[in-house]
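# Observations on the model geometry
The chain contents come next:
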Amino acid sequence: MKLGKILLLLSLAGSAFAQSSTSKEVENAYPDAHAFYLDVHQNPELSTHETQTAAKLASRLRSLGYEVTEHVGGTGIVAILKNGPGPTVMLRTELDALPVEEKTGLAYASKVRAKDDAGRDVPVMHACGHDLHMASILGTAAIMAHTKESWHGTLMLIGQPAEETIGGAKAMIDDGFLKRFPKPDVAVALHVGNILPAGVVGITPGIFNTNADSLRITIYGKGGHGSAPHTAIDPIVIAARTILALQTIASREVKPQEMAVVTVGYIQAGTKNNIIPDQAELGLTVRTNKPEVRKQVLAAIARITKAEAEAAGAPRLPTIDRYEGTDLVYNDPALAQRLRGVLEAALGKDRVVTQEPITGSEDFSYFIEQGIPGFYFSLGGADPEKYTQAKAAGTMLPSNHSSLFAPDVDPALHTGIAAEVAVLRNLLSRSADDLRKTLAERTAASR
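So, here is what we can say about the structure in this document. Here the structure is a predicted model, which means the values were calculated and not measured. (Residues numbered from 1 in each chain as written. Predicted model: local features only at pLDDT ≥ 70, side-chain atom pairs only at ≥ 80, totals over all residues. Heavy atoms only, no water.)

## Observations concerning the pattern of salt bridges
Across all of its chains, the model carries 20 salt bridges by this definition. Here Arg180 and Asp175 are joined by a salt bridge, their closest N and O atoms 3.1 Å apart. The partly exposed category is assigned to Arg180, whose relative accessible area is 41%. As a salt-bridge pair, Glu344 and Arg340 come within 3.8 Å of each other at their nearest N and O atoms. In this pair, Glu344 and Arg340 both sit in helix 9 (residues 333-347), four residues apart, roughly one turn of the helix. A single salt-bridge network, built from bridges that share partners, covers Arg92, Glu94, Glu362 and Asp363. (Salt bridge = Lys/Arg side-chain N within 4 Å of Asp/Glu carboxyl O. Buried < 20%, exposed > 50% of the residue type's maximum accessible area, 1.4 Å probe, protein only. Helix = DSSP H or I, 4+ residues; strand = E, 2+ residues; numbered from the N terminus.)

So, in structure tokens, the structure goes:
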């Protein structure tokens, strides 16, 4: 083991974990949580297909005494542990993996391949850390079940499908989540990444990330022979012009003080080098953090796309399909203020940092939009030594969704469990009315 990791582990054991009453509990829960991590990492499943993953998590939660309901919104699970009167607090994990070929070189690397929704054979990998999230929630669930004297109320654990396609949270809500189960007073989630070293957590009060819109644009042309382009209307050329023009939205139409990202992630067209195809397809992701900017950018995309087609004499206007979308995640300022101190007490003050909003997106926002105050925080996953070296060199470690993404499981998993237990115990330490009143008062004071 490298010196940097040894020193960090000693620091965590000697200072951060020593400050937490959960230290021994985390150590006791860790082996089962780590074993579960290895299992789901090696056996990932794509969005909406998380049948075995959900069944494994449901079985383990049921064995701990939770009342588990499966197949909520597809493969989603809801596990409830009642412990007398008090608030209802929800902790969510995601279940799904990504169509990415793992290249980490780990002994337990995924070798899974599966059929995606289009019928294509694709590699599958937990390239976004959802395996570590699931392991954390399992360790947390065990500690909370075995120490019911330390909290009161209702603990609700959510295993959400299809986060990567930003459809799972909505599917659970559409399946009667708020009618079939108690409405949470607070919703909590975490996300691991390499932007922080393992052993550290990050808090972002207010806006945490961005609105996301996924667009599929089909540009129509007139096919023909590649040697005689004058007899055709080339949709690939139209697509190229459109891609370049779209980049002027953020640089020339949106105010410099505002945030907007328009990325064309793929272009699909043609079957042979000397054939001009009839159409071309573009895949876009759009990120914004204000409703008015979101509306402006989406309108600009439609205007530019149609104008480029008309300028080229296309036989018909392009079609624009917004097939996925989610709003930004907003961290209740009162919760962030309250739980910062809780995490500092549990992990050590130097292990809790403030972060700027990020441009990623995810559908935890659907739960918050139901009127549930939310707290979404970051969990460091980077090997501390590699993190320090990369920072000194001005380079970036592999990000989420990379084929090389591999969180430093120990101490990241220790920290994730300890952080979740500390947060849950604090939120489940008073009456539901008192919690709601405190949050309402602090939120009003922060405005």
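## Points about the pairing of strand 10 (residues 211-220)
Taken across its 10 residues, strand 10 has nine buried, putting it largely inside the fold. As judged from the 10 bridges shared by strand 10 and strand 14 (residues 279-288), these two strands associate in the antiparallel manner. Paired with Arg216 across the two strands is Gly283, which belongs to strand 14. As defined by bridge partners, strand 10 adjoins strand 15 (residues 319-326) across seven bridges and the pair is classed as antiparallel. Looking across to strand 15, one finds that Ser214 is bridged to Glu324. (Pairing = 2+ DSSP bridges.)

## Focus on the nonpolar core
The biggest cluster of nonpolar side chains holds 66 residues, and the ones touching the most others in it are Leu61, Tyr66, Leu157, Leu343, Phe375 and Leu427. For this core, the element with the highest residue contribution is helix 12 (residues 409-427), accounting for 11 residues. Among residues more than four places away in sequence, those in contact with Leu343 are Val201, Ile203, Gly348, Val352, Phe375, Ala419 and Val423. With 22 residues, the next largest nonpolar core counts Leu215, Leu282, Val293 and Ala314 among its residues. (Core = buried A, V, L, I, M, F, W, Y, C linked by side-chain atoms within 4.5 Å. Contact = heavy atoms within 4.5 Å.)

## A few points about the packing of aromatic side chains
How two aromatic rings sit relative to each other is set out by the distance from centre to centre and by the angle between their planes. Applying the stated criterion to the full structure yields seven aromatic pairs. Ring geometry for Phe177 and Phe181: centres 6.1 Å apart, planes at 45°, overall tilted. There is no split in this pair, since Phe177 and Phe181 are both buried. Ring centres of Phe375 and Phe377 lie 5.2 Å apart, and the angle between their planes is 20°; this geometry places the pair in the stacked category. The class of Phe375 is buried, set by a relative accessible area of 0%. The class of Phe377 is buried, set by a relative accessible area of 1%. Above the ring of Tyr323, the side-chain terminus of Arg216 is found at 4.1 Å from the ring centroid. If you follow Arg316 out to its NZ or CZ, it ends over the ring of Tyr220, 3.8 Å from the centre. (Phe/Tyr/Trp six-rings, centres within 6.5 Å; stacked < 30°, edge-to-face > 60°. Lys NZ or Arg CZ within 6 Å of the ring centre and 35° of its normal.)

## Here we look at the side chain of Asn211
Residue placement: Asn211 occurs in strand 10. Residue classification places Asn211 among the buried positions, given a relative accessible area of 5%. Not counting chain neighbours up to four residues away, the residues in contact with Asn211 comprise Val286, Arg287, Thr288, Asn289, Lys290, Arg294, Thr326, Asp327, Leu328 and Ser361.

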